[in-house]
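Tertiary structure, described
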Amino acid sequence: MPDKIKAIIDKMTLEDKAALCTGASAWTTTPIEHLGVPEIIVSDGPHGVRRVPDAKSLVMSSLPATCFPTASSLASTWDVDLLHKMGEALAEEGIALNVDVILGPGVNMKRSPLGGRNFEYYSEDPYLAGEMAASLINGIQSRGVGTSIKHFAANNQEFQRFCINAEVDERALREIYLPAFETAVKRTQPWTVMCAYNKLNGTYCSENHVLLVDILKDEWGFEGLVVSDWGAVHDRVASLKGGLDLEMPGPQDKRVEAVVEAVHSSELDEKILDESVRRILSIVFKAQETSKGGEFDVEAHHLQARKIASEGMVLLKNDGILPLKGHQHIAVIGRAAKEAHFQGGGSSHINPTKVAIPFKELQNLAGEAELSYAEGYPTDATFHQELIDQAVGIAQTADVALLYLALPSFKESEGYDRPDLDLTEQQIALIKAVAKVQPNTVVILNNGAPVAMSAWIDDVAAVLEAWMMGQAGGGAIADILFGKVNPSGKLAETFPIKIVDTPASINWPGGAGEVHYGEGIFIGYRYYDAKELPVLFPFGYGLSYTTFTYSNANVSVKTFKDADGVTLTVDVTNAGKVAGKEIVQVYVHDQKSELVRPYKELKGFAKVELQPGETKTVSVELDFRAFAYYHPKYQQWITEDGDFDVLIGASAADIRHSLSVTLKSTLELPCIIDKESTIREWMADPRSSAVLGPVFEQIKANNRDLFGSDDDGDMGMDVMDMIGDMPLVSVLLFQQDKLSIPGDEMVDGLLLQLHGKEA
Ligand code: BGC
């Protein structure tokens, strides 16, 4: 510990320490003036700086800041460099607005497309989410502003989010819900981690020692502080013991008193408090190293937001109508054309510096073309035939109809989940009516999560998923529609056909205080693969105005050690007439494993820009974790010897090359045979099979006597299949008559021989 921090802790009273561990106000920590400890100011993110003018007040509109695209859009860029640069811009704004820590990014998994807050999260895939988050955090922190990766953990729904108990099995936790946090923590050391409101496996995340101490701090080596989500603390003493360093917001005088009393009564060891104090002080002083104030470049950041928005937009369908060219009369329909819908409701809501109006941006690029406008649909759930009639009126005389449709906030926001996957009744009727009179109908969507499209997609010529696109998104739409930008975004989440197809649907959203993650590790494409279910648009999918071919796929070595990993290369060629960007995805398929695994998992990707006719070699490294899975019995990530397929694709459903490789595991796993181990488990591990071997022959012979056999020795069963999955001790119970000592004593003896100590 640095001397300065140690000296301060030595001088702090118990009251000072307890006070420091609870915020002083809505957005500030407690200063300890007599010891020269300043406050720090935190402000919401994740896609902009939501700095309220009075940092002590919870409810207040915030100062103008750039509203960048939300996470659904960011993840669809698959562009880590872009996110790094966005992080730098966020930090610049944080510095100008006197913010020490930006509360973001959010990396919770999209367990269901109904999650109300999915727009603030990246993906259904933990690898992609981790890469995106790490890059954004590195960008922000490279400029001396802190981050708060959130919401740790398993906060995957809004329904009862303050109290619901997420029941998640260990493998799903380790393989799906934790890795994005793990990647970001190990690679970037975010200054803070924000715990979630909910309970995880019976314990509030704010008091969850396994989560906050055993995993986050001890196993992953997190050096920063753990802050509560706003209002997530229930019992301050229990939360300190559980590893929660800073409670927000404050003041919470009663809680501070409770901590002091708990130390006096020895209920709380002062060392635990000191450790939280140390973590908080180190972040407080780190924040002081960055001087605040000044201005940020509003125009430059707006342009940057436009670029990011265009990179994140995903062209879902295009029968050739896009990019627009030569159209003289364009019917622009839908209120989202004039009232840009570019962010979601709740704590991430930014007061934008300016807003690009989609209609105006279109006009700017439309040249001589004439634009007409109809509102199309109301802001609420009411139905207005006359708005549809007006839209049809302008659509039928135009060359092309552009439908700007935003999912209204009553269908999507922080605080509540989505009721369904659908656009509003009026929006669906509008699309159908317009498409009936205008074959060149293009739908442009502003939403934070997938919508169902089966009712209308066949009727329209093109669909552009523009997401909650940030304040400059209106311009980005125009850029793509007119081909100034070639779309290159790809989906970071599957678009299902209907809600009952989705992995969590029968366990969503839970009730009676509990939600059971019954689908385990099978979320997103992992589930659709396993069920061989058709989807509307697969994970990793997105169209371009050009086409790409893949060739010369190769691996550095065919047989490799897990610790060394393997590198694969593939040539990607732009086979079309315009420049474009392709996102190459690398999935790994394990041919055989002890425990069930998803058919394939994303383990690498690269985004590459290519001129027409140009070829570039893309290289992706696959490390130990690309082939490993979490084994609950070993309580660690393991690799198994064997063959894997490395799948190179343009989406999860468009695999262009498959290469077989053979992995040699270098792990020396402990022998985990115990009293409950089955015969098959005993025989699978060479160490235990050597011990059990002679006994096993006897067991088989006894079994023959027990069940009897025909003259030719046929018992009508396969012995190993019959008894293989029974614990050794249970098998011996049936053979007691033939044993010289009781079966359980025999097992104890074998275990002693195996482990060299009492079981
Ligand atoms: C949200 C957090 C946010 C905090 C402060 C909470 O309700 O869940 O994401 O950072 O409020 O606004």
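Scope of this entry: the structure provided in the associated data block. Every value quoted in this text rests on a predicted model; they were computed, and no experiment measured them.

1. Considerations on the pattern of salt bridges
For the structure shown, the criterion picks out 50 salt bridges. Between Arg687 and Asp685 there is a salt bridge whose closest N-O contact spans 3.0 Å. Since its relative accessible area comes to 42%, Arg687 is described here as partly exposed. Judged by its relative accessible area of 11%, Asp685 is buried. Because the salt bridges share partners, they merge into one network encompassing Arg117, Glu120, Glu158, Arg161 and Glu414.

2. Side note on the sheet that holds strand E11 (residues 370–374)
Strand order in this open sheet of six strands is E9-E14-E13-E12-E10-E11, and the pairing throughout is mixed. The open sheet terminates on both sides in strands that have one partner only, identified here as strand E9 (314–318) and E11. Direction aside, the axes of adjacent strands within the sheet are offset by 15° on average. As paired strands, strand E10 (residues 329–333) and strand E12 (residues 400–406) are joined by four bridges and run parallel to one another. Bridge pairing in E12 places Ile333 opposite Leu403. Its contacts with the sheet put helix H15 (residues 425–437) on E10, E12 and strand E13 (441–446), and the angle it makes with E12 is roughly 175°.

3. Section: the side chain of Ser72
Counting through the fold element by element, Ser72 comes out in helix H3 (residues 71–77). Within polar-contact distance, the side chain of Ser72 engages the backbone oxygen of Gly448 at 2.7 Å. Residues within four places of Ser72 in sequence aside, it is in contact with Lys110, Asn118, Phe119, Tyr121, Gly448, Trp467 and Glu493.

4. Observations concerning empty space enclosed by the protein
In this approach, a probe sized like a water molecule rolls over the atoms, and the result shows the empty space that is left. Under the counting rule described, the total for this entry stands at five cavities of 30 Å³ or more. Taken together, 13 residues line the largest cavity, and the ones lying closest to its centre are Lys110, Ser112, Pro113, Glu124 and Thr494. Residue composition of the lining of the largest cavity, by class: five nonpolar, four polar and four charged. In this structure, the second largest cavity encloses a volume near 70 Å³. If you trace the second largest cavity, you find it lined by Thr29, Ile40, Val42, Val101, Leu103, Thr192, Leu225, Val227, Trp230, Leu246 and Met248.

Definitions and cut-offs
Residues numbered from 1 in each chain as written. Predicted model: local features only at pLDDT ≥ 70, side-chain atom pairs only at ≥ 80, totals over all residues. Heavy atoms only, no water. Salt bridge = Lys/Arg side-chain N within 4 Å of Asp/Glu carboxyl O. Buried < 20%, exposed > 50% of the residue type's maximum accessible area, 1.4 Å probe, protein only. Pairing = 2+ DSSP bridges. Helix = DSSP H or I, 4+ residues; strand = E, 2+ residues; numbered from the N terminus. Axes fitted to C-alpha atoms, helices over the stretch in contact; angles between N-to-C directions. Contact = heavy atoms within 4.5 Å. Polar contact = N/O pair within 3.5 Å; in protein donor to acceptor, adjacent residues only side chain to side chain. 1 Å grid on protein atoms, 1.4 Å probe; cavity = no way out; pocket = protein on both sides within 12 Å on 5 of 7 lines; lining within 4 Å. Points joined across faces, edges and corners; volume = space filled by probe spheres on them. Nonpolar A, V, L, I, M, F, W, Y, C, P; charged D, E, K, R; others polar.

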